[in-house]
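An overview of the molecular structure
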Amino acid sequence: MSIQNCEKEAAGQLLDDLYLDMFHLVEEHTQCRINLERCNASGAILLARTRFQHGGSQSVSTAQIPTENSAEFNALCRVVDSTDGVCIERHAVDKSKGFVEPLHWFSVLPPMSLRNAVTKFKDCIELVAESTNLQRQLGEVLDWITKLRRSALLS
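As recorded in an unreviewed UniProt entry, the chain goes by the name Vacuolar ATPase assembly protein VMA22, listed as coming from Drosophila simulans.

Pasting the structure below:
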């Protein structure tokens, strides 16, 4: 009888630890999403400022984005799903390998507000990867909680 009580107590302690981990992950994930929203909004405001300040012939618009008939290019940033989680793989600009700087589609010397907007949007990509990893960790903790609650130890 004593062994069974010890096992129940240990399972209860483990369940408490898992719930605590879950609450910490929920808090981290919420903060990550808030940071993502702020970063995205900041980038959008900087992009709008660029369009406002450099309107007319130098306006930043979708007309400057390559189309189907444009030269082929490779993405500078790729999402890689590994055993450690989602991570961002970045490549250096190298025209010979097809890695071009998208910022130069708009101007050879882009305005500072456009450069800052690009930096904000790059930060957003990192935050999305972090958010994805936190969601996965949260899912794993919830799975363990479910398994432990269904186990015979807590019945």
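Tracing the chain through its elements places Asn 133 in helix 2 (residues 112–150). For Asn 133, a relative accessible area of 18% puts it in the buried group. Within polar-contact distance, the side chain of Asn 133 engages the backbone nitrogen of Val 86 at 2.6 Å. If we ignore the near neighbours within four places in the chain, the residues touching Asn 133 are Gly 85 and Val 86.

This brings us to the pairing of strand 2 (residues 85–90). The sheet contact formed by strand 1 (residues 77–82) and strand 2 spans six bridges and is antiparallel. Pairing of Arg 78 across the sheet is with Glu 89, part of strand 2. Turn length for the strand 1-strand 2 hairpin, with the two strands adjacent in sequence and antiparallel, is two residues.

The gaps left among the atoms become clear once a water-sized probe is rolled over them. A volume near 550 Å³ is recorded for the largest pocket. Lining the largest pocket are 24 residues, with Glu 101, Pro 102, Leu 103, Val 118 and Lys 122 sitting closest to its centre. Of all the secondary structure elements, the ones that give two or more residues to the lining of the largest pocket are helix 1 (2–53) and helix 2. Partitioning the lining of the largest pocket into residue classes produces 18 nonpolar, two polar and four charged.

Definitions and cut-offs
Residues numbered from 1 in each chain as written. Predicted model: local features only at pLDDT ≥ 70, side-chain atom pairs only at ≥ 80, totals over all residues. Heavy atoms only, no water. Helix = DSSP H or I, 4+ residues; strand = E, 2+ residues; numbered from the N terminus. Buried < 20%, exposed > 50% of the residue type's maximum accessible area, 1.4 Å probe, protein only. Polar contact = N/O pair within 3.5 Å; in protein donor to acceptor, adjacent residues only side chain to side chain. Contact = heavy atoms within 4.5 Å. Pairing = 2+ DSSP bridges. 1 Å grid on protein atoms, 1.4 Å probe; cavity = no way out; pocket = protein on both sides within 12 Å on 5 of 7 lines; lining within 4 Å. Points joined across faces, edges and corners; volume = space filled by probe spheres on them. Nonpolar A, V, L, I, M, F, W, Y, C, P; charged D, E, K, R; others polar.

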